[in-house]
Amino acid sequence: MPNYRVSFAKQILGVPFTVGCVEISRARDPGRAQRAAELRFARQHGVEDWRERADRVAIEAAQG
């Protein structure tokens, strides 16, 4: 199973600023990796929903 890197960004005045990244190993597909990363990101930042800290999410397959 591939590894994924999921980046979270906050958009300020139309410019996205990265606020965090989560590495997910062994996800079946990009959708599952994104959901797992959203949960982990929220837990790391002490919020219930990742959208409280970020506006955008981007996923990419990581080399590994």
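One can find the structure itself at the top, above this paragraph.
Residues numbered from 1 in each chain as written. Predicted model: local features only at pLDDT ≥ 70, side-chain atom pairs only at ≥ 80, totals over all residues. Heavy atoms only, no water.

Caption draft 1: Inspection of helix α1 (residues 30-45) at higher detail. In this model α1 runs 22 Å from its N-terminal to its C-terminal C-alpha over 16 residues, within 8% of the 22 Å that 1.5 Å per residue would give. Regarding α1, the residues found buried are Ala-33, Ala-37, Glu-38, Phe-41 and Ala-42. Seen end-on, α1 carries its buried residues on one side only, within an arc spanning 160°. Opposite the buried face of α1, by more than 90 degrees, sit the exposed residues Arg-32 and Arg-43. Where α1 is buried, its residues contact β1 (3-12), β2 (15-24) and β3 (56-62). Where α1 begins, the capping side chain belongs to Asp-29, and its oxygen is found 3.0 Å from the backbone nitrogen of Gly-31. Trailing α1 by a residue or two, Gly-46 shows a phi angle of about 65°, which is positive. (Helix = DSSP H or I, 4+ residues; strand = E, 2+ residues; numbered from the N terminus. Expected span 1.5 Å × (residues − 1). Buried < 20%, exposed > 50% of the residue type's maximum accessible area, 1.4 Å probe, protein only. Arc of directions from axis to C-beta. Contact = heavy atoms within 4.5 Å. Polar contact = N/O pair within 3.5 Å; in protein donor to acceptor, adjacent residues only side chain to side chain.)

Caption draft 2: The arrangement of the nonpolar core in detail. Grouped together as the largest cluster of nonpolar side chains are eleven residues: Tyr-4, Val-6, Phe-8, Val-22, Ile-24, Ala-27, Ala-33, Ala-37, Phe-41, Trp-50 and Ala-54. The contacts of Ala-54, once residues within four sequence positions are left out, are Phe-8, Ala-9, Lys-10, Val-19 and Phe-41. (Core = buried A, V, L, I, M, F, W, Y, C linked by side-chain atoms within 4.5 Å.)

Caption draft 3: Representation of unusual backbone geometry in the model. The phi dihedral of Leu-13 is positive, around 55°, even though this residue is not glycine. Looking at the element boundaries, Leu-13 is found in the loop between β1 and β2.

Caption draft 4: View of the side chain of Glu-38. Structurally, the position occupied by Glu-38 is in helix α1. Apart from the residues within four sequence positions on either side, Glu-38 is in contact with Phe-8, Trp-50 and Val-57.

Caption draft 5: A look at the pattern of salt bridges. One pass over the structure, following the stated rule, counts five salt bridges. Between Lys-10 and Asp-55 there is a salt bridge, with the nearest N and O atoms lying 3.6 Å from each other. Here Asp-55 lies in the loop between α1 and β3 and Lys-10 lies in strand β1, a separation of 45 residues in the sequence. A salt bridge links Arg-32 to Asp-29; its shortest N-O distance comes to 4.0 Å. You can call Asp-29 partly exposed: its relative accessible area is 30%. (Salt bridge = Lys/Arg side-chain N within 4 Å of Asp/Glu carboxyl O.)

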